[in-house]
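Below are the chains, spelled out letter by letter.
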Amino acid sequence: QPQSPPEEPPPPPPAAVERSAAAPGLWYEKAAAGDRRLGKVVTIAKSKKFRDNHGKVLLEGHRLIKDALEAGAVPQTLFFSTVGHLKLLPEAEIKRASLVKVKFEDVKTWSDLVTPQGLLGIFSKPDPAKMSYPAAQLANSLPLLLICDNIRDPGNLGTILRSAAGAGCEKVLLTKGCVDPWEPKVLRAGMGAHFRVPIITNLDWDSVPTNLPAGIQVCVADNNHPGRGAGSAPASPKAPVKSSPKAAPEHEEEEGAAIPELAVQHYYEDWARAPVAVVIGGETQGLSPGALGLAASTGGRRLLIPVVPGVDSLNSAIAAGIVLFEGRRQLLWRHKQEDGRQKLP
C-alpha cells in the first residue's frame, strides 16, 4: 500500500509584530495596526484614576525619560519614532522595557507637546523611597522643606517643583487638595524636578507632621495679609496677628474653630533656622486652617511678601520661588557664620 505523503506542518501564525535590533541585544517591535497598548498612552495621560489604580505614569520627551531612567524609575513600555531616540538613552535601563517603534504621525496624535519629539514612555509610578536622586542634587540639598497646600493649577505646581529642586529642598509634601504631580502639564512645567527631589503626595494635615524631621519650624508664605493695604509694612512685624485664610468649601466645617495666631514678618527678615519648612497656599483657596495650625504648633511665622498697593496677590509659583530662595540664602549664610565661629581659636 503506497504511503501517503507526510502532511506538511501548518504554517506558523502571522507575527503580531515585526522584531528588529536597534543594537546588539537591544530588540524592539514595530507596532502593528490596532496595537492596543498605544491606546493606553492616552488613557494614562488623561486619567488620574487610571494612574492611581494601575500605578503607571506617562513621560514624554528625551530629557524627562533620561532623567527618570537615571533616577531609577522603572520603564514598562517605550514608544519611539526613530531608532536614534533609543541610542540617546542608557541601554542597560531600557532593556527592561518593551520597545515599540511607531509612526511619528501617531506620536503627534498622542503628544501633549507643541513640538513632539517622537518619544513616550509608560513607567511604573516612581516611589520616592526607592529613587536614586542625582549626586549634585543631594550634595547641595538643604534642611529646607516645602509643603504645597491646595495648589490646583498644573502649571503652577510644576513650576513650584522646579523652584524647589533649584533651591535645594530636601523634600516636597503635597496635601490632598493639590493637583496630581504626574499629570502631563505638571511634568512638562517641572522640567525634570520630579526626579531631583522626593515628592510625597496625597497627605492630610494629620499625616504631614510624620513626614517632617523632629524640631522643624513651619512657616507660611503670604502676600495677602489681612487688616491693611497690600504693600504696606506691618505696624509691628513681630507681633502675633490673627490669621484669616480665605474660606475654601472643603474647610467650611472648620470655620467655627479658632484660627491660630501667628507672628508676622517680612520674608526677607531672619526666619530660616534648620530644619525649616515653608507652606505655599493655592491662589483661590489660600492657606488652610491645617497649615496655620501646624505653623502655630511649631512656633512658625507668617512670611509677608510686600507688593505695590493695588496689585493683587502674587501667583503662588512666584511666591514659592521668592520665599524658597530667600530661605536658601539665609540657611547658607547661617552655616557660613557657624563655620567661621568654629574656626576661631
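Conventions and cut-offs
- Residues numbered from 1 in each chain as written.
- Predicted model: local features only at pLDDT ≥ 70, side-chain atom pairs only at ≥ 80, totals over all residues.
- Heavy atoms only, no water.
- Helix = DSSP H or I, 4+ residues; strand = E, 2+ residues; numbered from the N terminus.
- Buried < 20%, exposed > 50% of the residue type's maximum accessible area, 1.4 Å probe, protein only.
- Contact = heavy atoms within 4.5 Å.
- Areas by Shrake-Rupley, 256 points an atom, 1.4 Å probe, with all protein chains shown as cover.
- Pairing = 2+ DSSP bridges.
- Salt bridge = Lys/Arg side-chain N within 4 Å of Asp/Glu carboxyl O.
- Expected span 1.5 Å × (residues − 1).
- Polar contact = N/O pair within 3.5 Å; in protein donor to acceptor, adjacent residues only side chain to side chain.
- Core = buried A, V, L, I, M, F, W, Y, C linked by side-chain atoms within 4.5 Å.

J.: Now, about the overall build of the protein chain: what can you tell me, with residues and values included?
T.: Secondary structure summary: the protein chain contains 11 helices and 14 strands in total. The 345 residues of the protein chain split such that 46% are buried. Of the contacts made within the protein chain by residues no fewer than 6 positions apart, 77% connect residues no fewer than 24 positions apart. Accessible surface, the protein chain: about 17,600 Å² in total, of which carbon and sulfur atoms supply 54%.

J.: I'd love a proper account of the pairing of strand E12 (residues 261–266), names of residues and values included.
T.: Each regular strand displays side chains that alternate between the two surfaces of the sheet. Burial runs high along E12: five of the six residues are buried. Note that E12 and strand E14 (residues 301–304) share four bridges and pair parallel. When the bridges of E14 are listed, Ala263 appears paired with Arg301.

J.: Could you give me a rundown of the pattern of salt bridges, with the residues and numbers involved?
T.: Throughout the structure, instances matching the rule amount to 11 salt bridges. Where Arg51 meets Asp180, a salt bridge forms, and the shortest distance between an N and an O atom there is 2.8 Å. In this pair, Arg51 sits in helix H2 (residues 48–54) while Asp180 sits in the loop between strand E8 (171–175) and helix H9 (184–190), placing the two residues 129 residues apart along the sequence. The buried category is assigned to Arg51, whose relative accessible area is 2%. Residue classification places Asp180 among the buried positions, given a relative accessible area of 8%. With a shortest N-O distance of 3.9 Å, Arg63 and Asp67 are connected by a salt bridge. Highlighted residues: Arg63 and Asp67, both in helix H3 (residues 62–70), separated by four residues, approximately one helical turn. Taken together, the salt bridges that share partners define one network made up of Lys48, Asp52 and Lys125.

J.: Let's hear about helix H8 (residues 154–166): which residues, and what values?
T.: Compared with an ideal rise of 1.5 Å per residue, which puts 13 residues at 18 Å, H8 spans 18 Å between its outermost C-alpha atoms and is within 8% of the ideal. Pro154, Asn156, Leu157, Gly158, Ile160, Leu161, Ser163, Ala164 and Ala165 are the residues of H8 that are buried. Put simply, Asp153 is the residue that caps the front of H8, since its side-chain oxygen is 3.1 Å from the backbone nitrogen of Gly155. The first or second residue beyond H8 is Gly168, which carries a positive phi of 80 degrees.

J.: Could you give an account of the nonpolar core, with specific residues and numbers?
T.: Judged by nonpolar contacts, the single largest core of 36 residues is most densely connected at Leu146 and Cys148. When residues of this core are traced back to their parent elements, those giving at least two are strand E7 (144–149), H8, E8, strand E10 (217–222), strand E13 (276–281) and helix H11 (316–343). Take this core: its biggest share by element is six residues, from H11. Every residue in contact with Leu146, bar those within four places of it in the chain, is listed here: Ile160, Ala164, Cys169, Lys171, Val172, Leu173, Val278, Ile280 and Leu324. In terms of nonpolar packing, the next biggest core, distinct from the first, is built from 24 residues, Leu69, Ala97, Tyr133 and Phe195 among them.

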